[in-house]
Protein chains: 10
Amino acid sequence: MPVFESREEVTHAIIAARVARGIRWADVATAVGRSKEWTTAACFGQMTFSAGEAEALVALLELDPSALPWLQTVPYKGTLGGGAPDDPLLYRWYEMISVYGPAIKELIHEEFGDGIMSAIDFKMHIEREPDPAGDRVHVNISGKFLPYKKY
Amino acid sequence: MPVFESREEVTHAIIAARVARGIRWADVATAVGRSKEWTTAACFGQMTFSAGEAEALVALLELDPSALPWLQTVPYKGTLGGGAPDDPLLYRWYEMISVYGPAIKELIHEEFGDGIMSAIDFKMHIEREPDPAGDRVHVNISGKFLPYKKY
Amino acid sequence: MPVFESREEVTHAIIAARVARGIRWADVATAVGRSKEWTTAACFGQMTFSAGEAEALVALLELDPSALPWLQTVPYKGTLGGGAPDDPLLYRWYEMISVYGPAIKELIHEEFGDGIMSAIDFKMHIEREPDPAGDRVHVNISGKFLPYKKY
Amino acid sequence: MPVFESREEVTHAIIAARVARGIRWADVATAVGRSKEWTTAACFGQMTFSAGEAEALVALLELDPSALPWLQTVPYKGTLGGGAPDDPLLYRWYEMISVYGPAIKELIHEEFGDGIMSAIDFKMHIEREPDPAGDRVHVNISGKFLPYKKY
Amino acid sequence: MPVFESREEVTHAIIAARVARGIRWADVATAVGRSKEWTTAACFGQMTFSAGEAEALVALLELDPSALPWLQTVPYKGTLGGGAPDDPLLYRWYEMISVYGPAIKELIHEEFGDGIMSAIDFKMHIEREPDPAGDRVHVNISGKFLPYKKY
Amino acid sequence: MPVFESREEVTHAIIAARVARGIRWADVATAVGRSKEWTTAACFGQMTFSAGEAEALVALLELDPSALPWLQTVPYKGTLGGGAPDDPLLYRWYEMISVYGPAIKELIHEEFGDGIMSAIDFKMHIEREPDPAGDRVHVNISGKFLPYKKY
Amino acid sequence: MPVFESREEVTHAIIAARVARGIRWADVATAVGRSKEWTTAACFGQMTFSAGEAEALVALLELDPSALPWLQTVPYKGTLGGGAPDDPLLYRWYEMISVYGPAIKELIHEEFGDGIMSAIDFKMHIEREPDPAGDRVHVNISGKFLPYKKY
Amino acid sequence: MPVFESREEVTHAIIAARVARGIRWADVATAVGRSKEWTTAACFGQMTFSAGEAEALVALLELDPSALPWLQTVPYKGTLGGGAPDDPLLYRWYEMISVYGPAIKELIHEEFGDGIMSAIDFKMHIEREPDPAGDRVHVNISGKFLPYKKY
Amino acid sequence: MPVFESREEVTHAIIAARVARGIRWADVATAVGRSKEWTTAACFGQMTFSAGEAEALVALLELDPSALPWLQTVPYKGTLGGGAPDDPLLYRWYEMISVYGPAIKELIHEEFGDGIMSAIDFKMHIEREPDPAGDRVHVNISGKFLPYKKY
Amino acid sequence: MPVFESREEVTHAIIAARVARGIRWADVATAVGRSKEWTTAACFGQMTFSAGEAEALVALLELDPSALPWLQTVPYKGTLGGGAPDDPLLYRWYEMISVYGPAIKELIHEEFGDGIMSAIDFKMHIEREPDPAGDRVHVNISGKFLPYKKY
């Protein structure tokens, strides 16, 4: 188990350790003490762990302790590279913005005026919605509205 | 008021008529008899109107009747062209997929197995969520899970 | 034979083992118990194996058992990266959509209304069609029609 | 009705005339005397009409006779511009190549050796496949196999 | 002076009227009652005017009154069309140029004439700016102005 | 500790050594004897060190001495890889993010932790800065810091 | 001759008037009182004219006087859009940077240290160089060296 | 010192050896017996060495003799990949073509008629031009004019 | 028939006049007095006509005489925009370079040494090659070899 | 000499072995028993060898026998990735299509009607054409014409 030299190496080791051990993301989240959505994003190198969260993760997955400072360093985020995702599941989300984008923009402006919905002060929750015609994925998103400043 | 020769011309006329008349999207939706999310997307050329819905829209916005068959023709959809949106409000949604994409994918697969969340059998609802620290945009999304077929 | 640390490594090993052993894809499919179309796509990292299917594949190609959990993990799919394929055989398929795309779209909508043909609830069968003027590739594709939901 | 100065103008007029008159593509095909798949692609500027086919089309849609030589001129073909299509229906076809591409390539080579499936000596037939779990789109494609020449 | 049918038409008319009348952006800002930076960005279609601000602008530049509702409608923003950094922190800086770019260009030219602000003979200083509504990042940038050489 | 064979290897080693040792960029700057902005950009391979500056850095981070000539060699700069504005004045601003981007990101995170500087709750002021060696453009930017929400 | 509403319209009119009248660029330059290199670039919308230069150009080409303020407004510059030029003559210049780029960079840094050669404080002169093996294009370029500022 | 298996490996070794030994490009050129411009481009893998030139280079930089056949093999040339360069020094050269491109094209055609300036039968010389207002980079370029063939 | 204001307008008029009159390119070439390959390329705006050639073309197609100076002005050439062509016939030529490119490069260098085959001092001849297995397109290309200059 | 695990590794080894041994492509072709054009393309991983051809190549270049099944496996072809080539020799071929593309298309259609020239049933021959004004590269290309199928 070599010393980690980048956050990308730590991310790769987390993914491999989880598959090899057969641990669910929900269990990783419980160990870390955060929601499954935040924890999974963080494990993929998109969020910053506190010292305690990093230690819990390293213990659960038996990673080299040199992972600890990398998990507490703010990472370079983003996975799409400015294009559409190739993976079919992720593409449907991209298509949702492609088809509904103008409607989303108009309706938020109609309700709030000029500004944006924050992707930073932001929460997401994903759950199963039972349905006799086939179960559905139900997603709740909440982002703070930030009005454009005039000066 | 010339005869319409494409759905793009009808879309342009809807946008211009709505701004000139100062009508809210919520009121357009009431006239059409659908949710504000579906109606706004449809007015931007992303959904297909029934005959009755098209007539209600043409009457409300006083469009030329040659708009009617175009509104009932299935349009070419999509607005992003395979890249990221330039507009700051829309970009935050794209960033949400860029940052949370791997987590979304993992958690849906952990719950449902291999497949996708449909962007066709799909509903979205956007509403204001009052918050003393600044009101939030709350979004509910529901899409049918479709498992990959094995054969 | 080292321990596998990603699905890409497993895919690479499957391809190399098949060429080195001179096994046909049709025989891989028989061992796995699925059609040759599904099995080949799965071996290229595009589908998820069950435990039994993964074990049959690992046995046939004599792969390291650390391949087993990776074969049962839902992979990141897609091979085109948002562009046209470079390979001449694959490009002809892309060209088919480029030339016939509007006709495909119009005829499906004329028959079914607004919606899509699923690429998830989907089957494909490829076979030789003897022809005195030169044999042909015959392809049967069947995808469920999914209507756009109105709400 | 002005004189046509390019095939693109003729294509635009065909699309507008068909929607305004409410004629089905199947009926256009009957008038032209070809399959609905070939005829629709040709109307979208992807195929070349004979004199008789062009006259039938111009008569049916009451186009200006200056359309006749354009319909008989070989057009510049292709609609994708080297990328993925934005429209959800067309994107599923692109995704089919993205996910199944390597399998398609391997299986054709396993059966025929090195070469391609022609997109020129090529036929496509699209039809409804009734299914109690939801009707399906059934597609038959037949393309001549062309072996790579050695010399 | 025709009726305006889009915000882009209004933007075009503002630019043309300002050049034809020889009015400085600083004077436009005084009439509108906002800073020159915000006002110039807004005139380039990047910000939303209040009713009073819109009326002052229309009066100053003698625009058709149909410009008024467009100036009060939230515009589609951004001028760079992609090629952006993936990381959210860096993206905000990129967006700053996308939204404010034309204003930055106009105001430097208005003050200095044709030339550039050097990115080589250049200094940047970043510091925390305490603020009861949430601390702010304060950035000081100083670049030498280099006039275009005539010869 | 192998001999360095490129500036990229030196940059990688600087980043890894700083995280492993837990040294702040501000302390690196003090050791080097330059501002934190210039020093951080230089450490990310965007500026050229003098002999003395290189020696101070190598000593602080205990790097292999083969790093010394690389740190004094003018590097290939830029981190954004294209998608830039065509206009020369705007390009200098884009280049500022390309060259200083990693430094901006590191220094804001060092001061504030994980989050972004808002481009919405944001102000910019541009003014002339008289200078006997040629007047300068002076820019003041103030954007609210928004911390990433944990949940 | 309509009123000009943008610099692009003025540029288009200059090009058309010069071809229709058969005037050489060298003669345009003489009338304007600048070198042929600067004048031609300026006529293509890349430089800013003084009042006197603009008047001389408008008189020579008999343009509408509404061109005058546009010619004195700093234009949006640049013609390549971030890619390689399609035109064969221009492509050779691009290829010159592609093939000689690293050598140009190394030799300027070897002579001057870290910095750039200015494209703003810049002159270019193009002339015929007679040669018995075929005449040559001889180009003289002179740009001020600007050293990177340390702070 | 391993055996070289590609020209890219030789180029990398040349760059590393020169930095480690602190040799100037001008001295490499003297050893090779060519101009500094041609020699530096050749060392970056853009030109083909003769046997004698290759031996001189290998001796000067003490490279493994397996570099000799690679240096005499015509390389794959070009460094820009069809886009604009990221490095600020190189970008100024690209900008020179972006801003002056149409003028260059017009003036060469005005003098020579239709054709190109060769980038193959081509010479470049870079030197320091002392100037009290700051030294300048002076560049002399000479390329054979090649007229388009009519037939 | 309006006055032509650009070469693109002349090209468009040539194409429309030829289709409307049903004239073959071979006959256009005879009238102009050049090969069919050069003449067709020139008519598509890729070559420069002499005065006599321009007059013959204008007479044959009954174009407005304002076309004459445009036909004698060197055009901006190139039709691919840096990518692959969409049209299936043109794509096969692009694929020929994609598949055979390295072989073409190696064999020309093996025969001639370092240099290029000119696309300026260049001729192309296309003819039908009868073949009982299906007629073939036979193409003869001849381009001058230009060796790289050493200095 | 390790076991080959992909066709790319075999291609790399062929290139390195040929340069190290100083063997001409023409001699490789003689050993393989095919034309120099086909053989060179095949060695670059673009064609499929028979068992006998593969054995001859492996013997000539003394490759590991694990190369044999890879040389007989149909490769993924294509080297351009959907863009223009960077190398100057290859770029001239791309430019030939960019400048002559419309003429090639028109003249083939004028002679044969709608269809393509095959790049699969295709031969190419490259030879030196002596010329007192400088030797030329002469290329003969022959591709079967394939008419579009109507149905």
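Being a predicted model, the structure only gives us computed values, none of them experimental.

Student: Is there a simple way to explain the overall build of chain A in this structure?
Tutor: Of regular secondary structure, chain A possesses six helices and two strands. When the elements of chain A are put in sequence order from the N terminus, they spell out α-α-α-α-α-α-β-β. By principal-axis analysis of the C-alpha atoms, chain A measures approximately 55 × 55 × 30 Å. Taking all 151 residues of chain A together, the buried fraction comes to 64%. The contacts in chain A between residues at least 6 apart in sequence include a share of 53% that link residues at least 24 apart. Summing over all exposed atoms, chain A offers an accessible surface of approximately 5,100 Å²; the carbon and sulfur share of this is 55%.

Student: Where do I start with the UniProt feature "active site" (unreviewed entry) in chain A in this structure?
Tutor: This chain's UniProt record puts "active site" (unreviewed entry) on A:R92, A:E95 and A:S118. Here A:R92 is to be found in helix α6 (residues 88-112). With near-sequence residues (within four places) excluded, A:R92 lies in contact with B:I116, B:M117, B:A119, C:I120, D:R92 and D:E95. In terms of polar contacts, A:R92 uses its side chain to reach the backbone carbonyl oxygen of A:P88, at 3.1 Å.

Student: Could you clarify how one ought to interpret the pattern of salt bridges in this entry?
Tutor: Pairing between side chains of opposite charge can happen when their charged atoms approach one another. Inspection of the entire model under this criterion finds 140 salt bridges over all chains. Of the charged contacts in the structure, one is a salt bridge between I:R24 and J:E110, with a shortest N-O distance of 3.7 Å. In this pair, I:R24 is assigned in the loop between α1 (7-21) and α2 (25-32) and J:E110 in helix α6 (residues 88-112), connecting two distinct chains. With relative accessibility at 19%, the residue J:E110 sits in the buried group. Salt bridges linked by common partners bring A:R18, A:R24, B:E106 and B:E110 together as one network.

Student: Explanation requested: the relation of the copies chain E and chain F in the structure shown.
Tutor: The two copies are related by a screw motion: chain E maps onto chain F through a turn of 180 degrees and a shift of 0.0 Å along the axis, at an RMSD of 0.0 Å. This pairing of chains is accounted for by a two-fold axis. Residue E:G83 of chain E places its C-alpha closer to the rotation axis than any other residue of that unit, at 1.9 Å. In this assembly the copies share their binding face: 100% of the residues contributing to the interface of chain E also contribute to that of chain F.

Student: Which parts of the structure should I look at to understand the sheet that holds strand β1 (residues 115-129) of chain J?
Tutor: In sheet architecture, strand pairing relies on hydrogen bonds along the backbone and comes in two forms, parallel and antiparallel. One open sheet holds the four strands; their spatial order is β1(I)-β2(I)-β2(J)-β1(J), and the pairing between them is antiparallel. Whereas interior strands pair on both sides, the edge strands pair on one side only; in this sheet they are β1 (115-129) of chain I together with β1 of chain J. The sheet shows a mean angle of 20 degrees between the axes of neighbouring strands, taken without regard to direction. Bridge analysis of strand β2 (residues 136-147) of chain I against strand β2 (residues 136-147) of chain J gives nine bridges, and the strand direction is antiparallel.

Student: Looking at this model, I keep getting lost on the interface of chain E and chain F. Mind explaining?
Tutor: One frequently used descriptor of interface size is the decrease in accessible area upon assembly of the parts. On the side of chain F, 51 residues touch chain E, which itself brings 51 residues to the contact. Counting each side, the surface lost to burial between chain E and chain F is near 5,100 Å², with a carbon and sulfur contribution of 64%. For chain E, the biggest contributors to the area lost against chain F are E:L89, E:R136 and E:V137; these three give 13% of the whole. Linking chain E with chain F are six salt bridges, by the criterion used here. In this structure, E:R136 engages F:D121 in a salt bridge whose closest nitrogen and oxygen atoms are separated by 3.0 Å.

Student: Whenever I open this one, α6(A) confuses me. Can you help?
Tutor: An α-helix turns once every 3.6 residues. As a result, residues three or four positions apart point the same way. Residue and element names in this part refer to chain A. Over its 25 residues, α6 extends 33 Å from the first C-alpha to the last, a length consistent with the 36 Å expected when each residue adds 1.5 Å. Burial runs high along α6: 24 of the 25 residues are buried. Looking at where α6 begins, the residue whose side-chain oxygen comes 3.1 Å from the main-chain nitrogen of L89 is D87. Looking one or two residues past α6, G113 carries a phi angle of roughly 85 degrees, positive in sign.

Student: Where do I start with the interface of chain B and chain A in this structure?
Tutor: Counting residues at the interface gives 71 residues for chain B, matched by 71 residues for chain A. Interface area, chain B with chain A, both sides summed: about 7,000 Å², of which 65% is carbon and sulfur. Counting the contacts that link chain B with chain A gives 12 salt bridges. Among the salt bridges present, the one from B:R18 reaches A:E110, with a minimum N-O distance of 3.8 Å.

Student: Help me understand the relation of the copies chain B and chain A in this model?
Tutor: Note on the chain copies: they are related by a rotation about an axis and a translation along it. Relative to chain A, chain B is turned by 180 degrees and slid 0.0 Å along the rotation axis, the superposed coordinates differing by an RMSD of 0.0 Å. Counting the interface residues of chain B, we find that 100% of their copies in chain A are interface residues as well, pointing to one common contact surface.

Student: What should I look at first to understand the UniProt feature "domain: Cyanate lyase C-terminal" (unreviewed entry) in chain A in this one?
Tutor: In the UniProt entry, the feature "domain: Cyanate lyase C-terminal" (unreviewed entry) is given for residues 79-151 of chain A. In the segment residues 79-151 of chain A, helix accounts for 34% and strand for 37%; the C-alpha atoms at its two ends are 35 Å apart.

Student: Can you help me understand the packing of aromatic side chains in this one?
Tutor: The way to describe two aromatic rings as a pair is by their centre distance and the angle between their planes. Applying the stated criterion across every chain, the model contains 60 aromatic pairs over all chains. Seen from their ring centres, A:Y100 and B:F122 are 5.5 Å apart, and the 45 degrees between their planes marks the pair as tilted. One end of the pair, A:Y100, is in helix α6; the other, B:F122, is in strand β1 (residues 115-129), on a second chain. When the centroid spacing of 6.3 Å and the interplanar angle of 70 degrees are considered together, the rings of C:Y94 and D:Y94 count as edge-to-face. Taken as a pair, C:Y94 in helix α6 (residues 88-112) and D:Y94 in helix α6 (residues 88-112) lie in two separate chains rather than in one.

Student: So what exactly am I meant to see when it comes to the domain arrangement of chain A here?
Tutor: Per the domain assignment, the segments of chain A are domain 1 (7-71) and domain 2 (114-147). Taken over C-alpha atoms, the centre of domain 1 of chain A sits 24 Å from the centre of domain 2 of chain A.

Student: Would you mind going over the pairing of β1(I) with me for this structure?
Tutor: It is a general feature of regular strands that their side chains alternate between the two faces of the sheet. All names here are of chain I. Where β1 lies against β2, 11 bridges are found, and the strand directions are antiparallel. Within β2, the residue paired with R128 across the bridge is V137. Between β1 and the antiparallel strand that follows it, β2, lie six residues; G134 among them carries a positive phi value of about 120 degrees.

Student: It is not clear to me how the side chain of D:E37 should be interpreted in this structure. Could you clarify?
Tutor: Within the element layout of this structure, D:E37 appears in helix α3 (residues 36-43). A distance of 2.8 Å separates the side chain of D:E37 from the side chain of D:K36, its partner in a polar contact. With residues up to four places along the chain from it excluded, the contact list for D:E37 reads C:Y100, C:A103, C:L107, D:M124, D:H125, D:I126 and J:Y151.

Student: I keep staring at the sheet that holds strand β1 (residues 115-129) of chain H and nothing clicks. Help me out?
Tutor: Spatial strand order, β1(G)-β2(G)-β2(H)-β1(H): four strands in an open sheet with antiparallel pairing. Each edge of the sheet is formed by a strand with only one pairing partner; in this case those strands are β1 (115-129) of chain G together with β1 of chain H. The sheet shows a mean angle of 20 degrees between the axes of neighbouring strands, direction not considered.

Student: Would you mind showing me how to read the environment of H:Q46 here?
Tutor: For H:Q46, the location among the structural elements is in the loop between α3 (36-43) and α4 (51-61). In contact with H:Q46, other than residues within four places in its own chain, are G:S98, G:V99, H:R7, H:A41, H:P75, H:K77, H:G78 and H:T79. A polar contact is formed between the side chain of H:Q46 and the backbone nitrogen of H:G78, at a distance of 2.8 Å.

Student: What's the story with the confidence of the model for chain A in this structure? I'm lost.
Tutor: When pLDDT is low, close inspection of the predicted coordinates is not appropriate. Model confidence for chain A is summarised by a mean pLDDT of 94, while 99% of its residues fall at 70 or above. Mean pLDDT per element in chain A: α6(A) is the minimum at 93, and helix α4 (residues 51-61) of chain A is the maximum at 97.

Student: Help me understand the side chain of H:S6, please; the structure alone is not making it clear to me.
Tutor: Residue position: H:S6 is located in the segment before α1 (7-21). With relative accessibility at 11%, the residue H:S6 sits in the buried group. Ignoring any residue separated from it by four or fewer positions in sequence, one finds H:S6 in contact with H:W70 and J:H12.

Student: For this particular structure, what's the right way to read the arrangement of the chains?
Tutor: At the level of C-alpha atoms, the two units chain E and chain I stay apart, their nearest approach being 17 Å. The smallest C-alpha distance separating chain E from chain J is 17 Å, and no contact links them.

Student: Looking at this structure, how should I read the packing of α6(C) against α3(D)?
Tutor: The packing of two helices is summarised by the inter-axis angle and the distance between the axes. Look at α6(C) against α3(D): their axes get within 8 Å of each other, and the N-to-C directions meet at 115 degrees. When the axes of α6(C) and α3(D) are compared, the crossing they make is right-handed. Residues C:V99, C:Y100, C:A103, C:E106 and C:L107 of α6(C) pack against D:K36, D:E37, D:W38, D:T40 and D:A41 of α3(D). Within the contact of α6(C) with α3(D), the residues separate by chemical class into six nonpolar, one polar and three charged.

What counts and how
- Residues numbered from 1 in each chain as written.
- Chains lettered and ligands numbered in written order.
- Predicted model: local features only at pLDDT ≥ 70, side-chain atom pairs only at ≥ 80, totals over all residues.
- Heavy atoms only, no water.
- Helix = DSSP H or I, 4+ residues; strand = E, 2+ residues; numbered from the N terminus.
- Buried < 20%, exposed > 50% of the residue type's maximum accessible area, 1.4 Å probe, protein only.
- Contact = heavy atoms within 4.5 Å.
- Areas by Shrake-Rupley, 256 points an atom, 1.4 Å probe, with all protein chains shown as cover.
- UniProt positions renumbered as here; feature names shortened; annotations may be inferred.
- Polar contact = N/O pair within 3.5 Å; in protein donor to acceptor, adjacent residues only side chain to side chain.
- Salt bridge = Lys/Arg side-chain N within 4 Å of Asp/Glu carboxyl O.
- Least-squares fit on C-alpha atoms with pLDDT ≥ 70 in both.
- Pairing = 2+ DSSP bridges.
- Axes fitted to C-alpha atoms, helices over the stretch in contact; angles between N-to-C directions.
- Buried area = accessible area lost by both parts, 1.4 Å probe.
- Expected span 1.5 Å × (residues − 1).
- Phe/Tyr/Trp six-rings, centres within 6.5 Å; stacked < 30°, edge-to-face > 60°.
- Domains from an automatic or database assignment.
- pLDDT = per-residue confidence, 0-100.
- Left-handed = near helix turned anticlockwise from the far one by under 90°.
- Nonpolar A, V, L, I, M, F, W, Y, C, P; charged D, E, K, R; others polar.

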